[in-house]
Amino acid sequence: MAVQTRVKIAKSEVPKNEKYAGLNRDTLIRLYRTMYLSRKLDDREIQLKRQNKIYFQISSAGHEAVSAAMGLLLRSGVDWLYPYYRDRALCLMVGVSPLDMLLQSVGAKDDPSSGGRQMPSHWGHTKTNIVSKSSCTGTQFVQAVGAAEATLYYDAHPKALAQAKKAPLGELARHSPEEIVYVSGGDGATSEGEFWESLNAACAKKLPLLYVIQDNGYAISVPVEVQTAGGSISKLVQGFPGLHVVECDGTDPIASYAVCQEAVNYCRERRGPALIHAHVIRPYSHSLSDDEKLYKSPEEREREAHRDPLSKFALFLVREGLLDQKQIEAIEAQVDHEVRQAADAALAAEPPAVESIVENVYSPDIDPTSAVFGGAAQLHGAPKTMVEMVAATLNDEMSRDERIAVFGEDVADASREENLKEVKGKGGVFKATAGLQRKYGSMRVFNTPLAEASIVGRAIGMATRGLKPVPEIQFFDYIWPAMMQIRDELCVMRWRSDGKFKAPMVIRVAIGGYLTGGAVYHSQSGESIFTHCPGLRVVMPSTALDVAGLLRTAIRCDDPVMFLEHKHLYRQPYNRSEYPGPDFTIPFGKARVVKEGTDVSIITYGAFVHRAEVAAAQLQREGISAEILDLRSLSPYDWDSISATVRKTHRVIVAYEDMLSWGYGAELAARIADELFEELDAPVKRIAAMDTFCAYQPKLEDVILPQSDNVVAAVKKLLDY
């Protein structure tokens, strides 16, 4: 049942028997000082921007009261915080210094948030558990869900916490039994799908997650009644079960504190999530790239000015006899001096070195391309198919590492545990995770709502806290709702925080066609889109043995990995293998020579490897010797092996299942032509799918997707060149 408390905006007052909401004089003065400091930092940044000494500015003006009040209640270094860009006062309250903030404004090397890589007000601070924030709107909500899931996970799995502490950046594996997760956003961010996905998951799992929606009435120039049906987000979320919902005047720090305290206690008591809808103002434009005079009337701006939290609270302190005007002025003078000193220090700070650009794209601690991951196979047991090898490898790794959690749509045996006594269990649509829930429990293997952005976003939150999530996207064709989380959040987390945060995980994705009836929405390729994302490793095995080695490397490395499993190969008899043992790994970026040859090189991967073998066998009968190179790892890829085979045969075909134009093979062909031109006796040839979509009718699919016959014809043409 939703709990609702309404505080009228214009007349929100604390009852006399709870004067000042229990806050003493010193704390009230601290509140004012923090609010004023926040405003003065905004003003100083605006001045510096106009002097071209910084490069961007976005203010927290008008949001200071609720933000500072919440900062009083959160436990720095204990609670986990996902503040958004107008939460300056909260960040100051929990321990981020004015110098820290201005170092980010100038883009200094010693900027603790990003080392000069992100705009100002994109908070990130390891000592205070402020997780690095991007510019994306609303993506933080599902990540905060994952962080709150980690809280409950560590409660139940202390061994996982101990393992996380031993991993790289293990100092971030902090956990307290009473911790909560804070996440905030503006009213505009509640229009994003991730906001609603996060509420659904948070309420379903009764997570200790506290939302603060700071509603200033505008998302840049779009007013709240256009953003939100009915103009009130708190009214829209009332139906979420177990969600504590409350409104407050966010320009009144005392009223805000009372409401925030109630919500914080609700979450600390593990009663479920809470949402505070704080009505604030935005007296400055959205940012210095915006001019609110273009869409706000003078009357509206005047009304906002009367609700300014700084002037209101200063007047309150004087009227209550807590401070006189001279004392107010003394506090302000002290803050002004502090801001000037911080600005001077920031302007004198050293910028990042140019060489630092490439640092922290990937983990500096674990190199998955190294020989460390080149262990020999200890083959034993009956041959396994690719899909059986996925399950066996996950089983071994979950036994070894309690941090691993497997989740996604349909991955559990049965979400209703009481049914497990009577049913065989699902274990994924391809049975790749069958039996794992029975063995490791429903906290480590569980089904999620059908929401791909949420699946990946929650995994990011877990990984940031030190867990090793292995989420599954059921079909590559449906990965696109998660694209923002993958490209703008997952891939960038380590780099944008200058190595202070990371999100290593393995996203397992079933991909590809050749299914006879897969059609448009179950046959897609598109791996080139993800190999174009710095920070993400992309691998695609073609045999069961490679599945075991590469999946284990993916789990044990310290980077996010997209593990592409071709559906057509899952149960083929020709790529089966005995189990190679629990420590068998294959380095990323090391191709496999499938067949030696002298006349032409076929560079390929995935399901096309076998088609290349079929073509090579036919060519061999005609006296033509083709060499086949299976890349296995697409990012990074094995340039040394590519160079070696080109120098050996002097003719090369790049074959891939995706569409010809703009595909993965275009990069390989271009680099071969660029760097190995003198080794070539003929142009580089590409074989790929047509620039269209995969059809349901098998005869059409056979024409659309590349086949062995295409290879045979291309080889003969190259040899005749």
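Definitions and limits used
- Residues numbered from 1 in each chain as written.
- Predicted model: local features only at pLDDT ≥ 70, side-chain atom pairs only at ≥ 80, totals over all residues.
- Heavy atoms only, no water.
- Buried < 20%, exposed > 50% of the residue type's maximum accessible area, 1.4 Å probe, protein only.
- Helix = DSSP H or I, 4+ residues; strand = E, 2+ residues; numbered from the N terminus.
- Pairing = 2+ DSSP bridges.
- Patch = residues over 30% accessible without salt bridge, like charges linked within 9 Å, V, L, I, M, F, W, Y side chains within 5 Å.
- Areas by Shrake-Rupley, 256 points an atom, 1.4 Å probe, with all protein chains shown as cover.
- Salt bridge = Lys/Arg side-chain N within 4 Å of Asp/Glu carboxyl O.
- Lys, Arg positive; Asp, Glu negative; His and termini not counted.
- Charge placed at Lys NZ, Arg CZ, Asp CG, Glu CD.
- Right-handed = clockwise from strand over helix to strand, strands pointing away.
- Axes fitted to C-alpha atoms, helices over the stretch in contact; angles between N-to-C directions.
- Contact = heavy atoms within 4.5 Å.
- Disulfide = S-S within 2.5 Å.
- Phe/Tyr/Trp six-rings, centres within 6.5 Å; stacked < 30°, edge-to-face > 60°.
- Lys NZ or Arg CZ within 6 Å of the ring centre and 35° of its normal.
- Expected span 1.5 Å × (residues − 1).
- Core = buried A, V, L, I, M, F, W, Y, C linked by side-chain atoms within 4.5 Å.

> Account for the pairing of strand β19 (residues 626-630), with residues named and values stated.
Looking down a regular strand, the side chains alternate between one sheet face and the other. Burial analysis of β19 places five of its five residues in the buried class, which makes it a mostly covered element. Relative to β19, strand β17 (residues 592-595) is paired through three bridges, and the arrangement is antiparallel. Within β19, the residue paired with R592 across the bridge is D630. By the bridge criterion, five bridges tie strand β18 (residues 600-604) to β19 in an arrangement that is parallel. Within β19, the residue paired with S601 across the bridge is E627.

> Quick rundown of a positive patch on the surface? Include the residues and the values.
Residues K424, K426, K431 and R571 make up a contiguous surface patch of positive charge. Since its relative accessible area comes to 39%, K431 is described here as partly exposed.

> Requested: an account of the pairing of strand β4 (residues 209-215), with residues and values cited.
Of all seven residues that make up β4, seven are buried, and the element is covered over most of its length. Burial along β4 is two-sided: the residues L209, Y211, I213 and D215 and L210, V212 and Q214 are all buried. Bridging between strand β3 (residues 181-186) and β4 involves six bridges; their strand directions are parallel. Bridging across to β4, V181 finds its partner in L209. Between the parallel elements β3 and β4, the chain passes through helix α7 (residues 193-205) in a crossover that is right-handed. Summarising the sheet, β4 and strand β8 (residues 274-279) pair through six bridges and their orientation is parallel. When the sheet's bridge partners are listed, D215 is paired in β8 with H279.

> Any details on unusual backbone geometry? Residues and values, ideally.
Along the chain, S635 connects to P636 via a cis peptide bond; the corresponding omega equals 10°. Secondary-structure assignment places P636 in the loop between β20 (633-635) and α22 (639-649). The backbone of K206 sits at a positive phi, close to 50°, despite the residue not being glycine. Within the element layout of this structure, K206 appears in the loop between α7 and β4.

> Mind laying out the sheet that holds β17, listing which residues take part and the relevant values?
Spatial ordering of the open sheet is given by β17-β19-β18-β21-β22, a layout of five strands whose pairing is mixed. Edge positions in the sheet fall to β17 and β22 (685-689), since each has one partner strand and no second. When strand polarity is set aside, the average angle formed by the axes of neighbouring strands in this sheet is 25°. Of the strands in this sheet, β18, β19 and β21 (652-659) are in contact with α22, which crosses β18 at around 155°. With respect to the sheet, helix α23 (residues 664-675) is in contact with β18, β21 and β22, its orientation differing from that of β21 by roughly 160°.

> Quick one: what's the story with the state of the cysteines, residue by residue and with numbers?
For the coordinates displayed, the defined rule picks out zero disulfides. Free of any disulfide, C91 has its nearest neighbouring cysteine sulfur in C260, separated by 15 Å. Under the relative-accessibility criterion, C91 is labelled buried at 0%. Between C260, a cysteine without a disulfide, and C248, which holds the nearest cysteine sulfur, the sulfur-to-sulfur distance is 5.8 Å.

> An account of the packing of aromatic side chains is needed here, citing residue identities and associated values.
Counting across every chain of the model gives 19 aromatic pairs. Relative to Y664, the ring of Y605 lies with its centre 5.3 Å away and its plane at 80°, an arrangement referred to as edge-to-face. Taken together, the residues span a long stretch of sequence, with Y605 in the loop between β18 and α21 (608-621) and Y664 in helix α23 at a distance of 59 residues. Y664 carries the same exposure label as Y605, and that label is buried. Aromatic ring contacts, followed pair by pair, group Y20, Y32, Y36, F313 and F316 into a single cluster. Over the ring of Y362 we find R537; its NZ or CZ atom is 3.9 Å from the centre of that ring. Lying over the aromatic face of W639, R671 brings its terminal NZ or CZ to 4.0 Å of the ring centre.

> Can you break down helix α16 (residues 452-464) residue by residue, with the values?
With 13 residues, α16 should cover 18 Å at 1.5 Å per step; its first-to-last C-alpha distance of 18 Å lies within 8% of that length. Taken across its 13 residues, α16 has 13 buried, putting it largely inside the fold. Within two residues after α16, G466 carries a phi angle of roughly 110°, on the positive side.

> How would you summarise the sheet that holds strand β15 (residues 561-566) if you had to cite specific residues and measurements?
By definition, the strands of a sheet pair up through backbone hydrogen bonds, in either a parallel or an antiparallel sense. An order of β11-β10-β12-β13-β15-β14-β20 is seen for the seven strands of this open sheet, with the pairing classed as mixed. Each edge of the open sheet carries a strand with a single partner, namely β11 (445-447) and β20. Going across the sheet, the axis of each strand differs from the next one's by a mean of 20°, ignoring polarity. Examined bridge by bridge, strand β10 (residues 404-408) and β11 share three bridges and lie parallel to one another. The residue bridging F407 from the neighbouring strand is F446, located in β11.

> Just give me the short version of the nonpolar core, but keep the residues and values in it.
Ranked by internal contacts, the top residues of the largest apolar core, which has 85 residues, are L209, Y211, I486, L631, I642 and I672. If you tally residues by element for this core, the top one is helix α5 (residues 140-156), at eight residues. Setting aside its immediate chain neighbours within four residues, I672 contacts I603, W639, I642, V646, V652, V654, F677, L680 and V684. With 66 residues, the next largest nonpolar core counts A68, L210, V246 and Y257 among its residues.

> Could you give an account of a nonpolar patch on the surface, naming the residues involved and the relevant values?
On the surface, V354, I357 and V358 cluster together to form a nonpolar patch covering roughly 320 Å² of accessible area. As for its position among the elements, V354 is in the loop between α13 (325-347) and β9 (380-384). Relative accessible area serves as the criterion here: at 62%, V354 is assigned to the exposed category.

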